[in-house]
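Given next are the chains, with one letter for each unit.
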Amino acid sequence: MDTHALAWPKEGNSRVPYRVFSDEGIYRAELDRVFLGPTWQFLALENELPNPGDYKTTFLGETPIVVTRGEDGQLHALVNRCAHRGNLVCLKRQGNADLLTCVYHSWSYDLEGNLKSVAFRRGIAGKGGMPDDFRMEDHGLQKLRTDHFAGLVFGTLSPETPPLAEYIGNMVGGRVGRVLYGKPKVLGTTSQILHNNWKLYLENVRDTYHASLLHTFFTTFRVARLTNGGGVLIAENGRAHASYTRTKDETVGREGSDQLYAGIQSQRAGLHLEDTRLLQQVSEFGDDITVQILSVFPNFVLQQVNNSIALRLVLPKGPDKTELQWTFLGFEEDDAALQELRLLQSNLVGPAGYVSMEDGAVGGFVQRAIAGAEQQTSVVEMGGYDHVSEETRTTEASIRGFWQAYRPLMGYA
């Protein structure tokens, strides 16, 4: 695709052409330039693979990946595609194996991706087999670069991607460390299919302005309102952001907040909770932040809502289809009461979460509405035109930051 066939609006990041959410050619270019380009993408937690031979499958965009713990104790990431005829080598989501063997023709690879054996390589009774000049070392699995941050493992296929800590940056990196302060423990996983373009979900994640306008639970039960204290941190290059809410800091008072939200559909006076533990927060982060949503371009999200901690991985599955994977976390250091609270509060998020269910629907509404509007644009001007950190969430600055990171990769000046 000639990416220059799309002329980005002169207003820059405050205007987004609807075509980028539906065009098949743009989507195919993204798979190459963004997901196989100079970006870091989340692969696994380090302690998900504790033993030699452990493996886990995932994706870079639509490219299948397998992450292994080698005999050397190190983590390795490989394209999950046999060098012979392109078959998937690892079929299970997770497992343990001494060798990675393709079921199609029994080509076997070690845990670092090196080809170790080819069935009937020498042929039978002197007939057939591979040519004499066939070299095993030339036909291993394609290897990724990997890097680690706060127990998270990221991978890239590009030699040009800067070190992960530099890519995330100190400002947002500190916010990752704030949440992942212990040894992570997976409490559960789930996934859902969203009927919208992957970028619409990432815009939603970075949209600090919508949360208490769309989410009834946030507003009605005062978990997060725009009238609460908070703000948003945005990397200069737009690659990473972190928004945060402090409910103890009501900038206009409770009565003033209720007046400002009067008539907004997210405030429902008649709703009540039978189990108010959903609203509790055990102090564990050393501050009064009740909600923190953090993203790293292109598709990693880390969230804290009260004591619920989760990773989200956004996987493109087509111009108008996205898989959203959730991994709910606690820490090995948690006592039984805190783990129970985390599990209870996991009901706030996920596919049918009291908060997140609206996010799972609204992207599909947008996708349906922009059909036939490829020549039009959205207006992303709340908070101005820049993508700078602010001590308010009444802004779309972090969305503009997303497009600041996206446009150079795609060649959109």
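The text that follows walks through the structure, step by step, so that each part is easy to find.

### Let's talk about the packing of aromatic side chains
Move 1: Per the counting criterion, the structure on display carries 19 aromatic pairs.
Move 2: Taking 4.9 Å as the distance between ring centres and 50° as the angle between the ring planes, the aromatic pair formed by phenylalanine 217 and phenylalanine 221 counts as tilted. Neither residue differs from the other here; phenylalanine 217 and phenylalanine 221 are each classed as buried.
Move 3: Ring pairing ties together the aromatic residues Trp8, Phe21, Phe35, Trp198, Phe297, Phe402, Trp403, Tyr406 and Tyr412, which thus form one cluster.
Move 4: For arginine 178, the ring lying beneath its charged end belongs to phenylalanine 285, and the centroid distance is 4.7 Å.
Move 5: Positioned over the ring face of phenylalanine 59 is lysine 317, at 3.8 Å from the centre of the ring.

### Re unusual backbone geometry
Move 1: The step from phenylalanine 297 to proline 298 runs through a cis peptide bond, and the omega angle for that step is 10°.
Move 2: Counting through the fold element by element, proline 298 comes out in the loop between strand E15 (289–296) and strand E16 (300–305).
Move 3: Phi at alanine 125 is positive, roughly 55°, even though this residue is not glycine.
Move 4: Counting through the fold element by element, alanine 125 comes out in the loop between strand E9 (115–117) and strand E10 (145–149).

### Details of the sheet that holds strand E3 (residues 54–60)
Backbone-to-backbone hydrogen bonds pair the strands of a sheet. The strands run either parallel or antiparallel.
Move 1: Across the sheet, four strands lie side by side as E5-E4-E3-E6; this open sheet has antiparallel pairing. Strands at the two margins of the open sheet, each flanked by one partner only, are strand E5 (75–79) and strand E6 (94–96). Geometrically, the sheet is characterised by an average inter-axis angle of 30° between neighbouring strands, direction not taken into account.

What counts and how
Residues numbered from 1 in each chain as written. Predicted model: local features only at pLDDT ≥ 70, side-chain atom pairs only at ≥ 80, totals over all residues. Heavy atoms only, no water. Phe/Tyr/Trp six-rings, centres within 6.5 Å; stacked < 30°, edge-to-face > 60°. Buried < 20%, exposed > 50% of the residue type's maximum accessible area, 1.4 Å probe, protein only. Lys NZ or Arg CZ within 6 Å of the ring centre and 35° of its normal. Helix = DSSP H or I, 4+ residues; strand = E, 2+ residues; numbered from the N terminus. Pairing = 2+ DSSP bridges. Axes fitted to C-alpha atoms, helices over the stretch in contact; angles between N-to-C directions.

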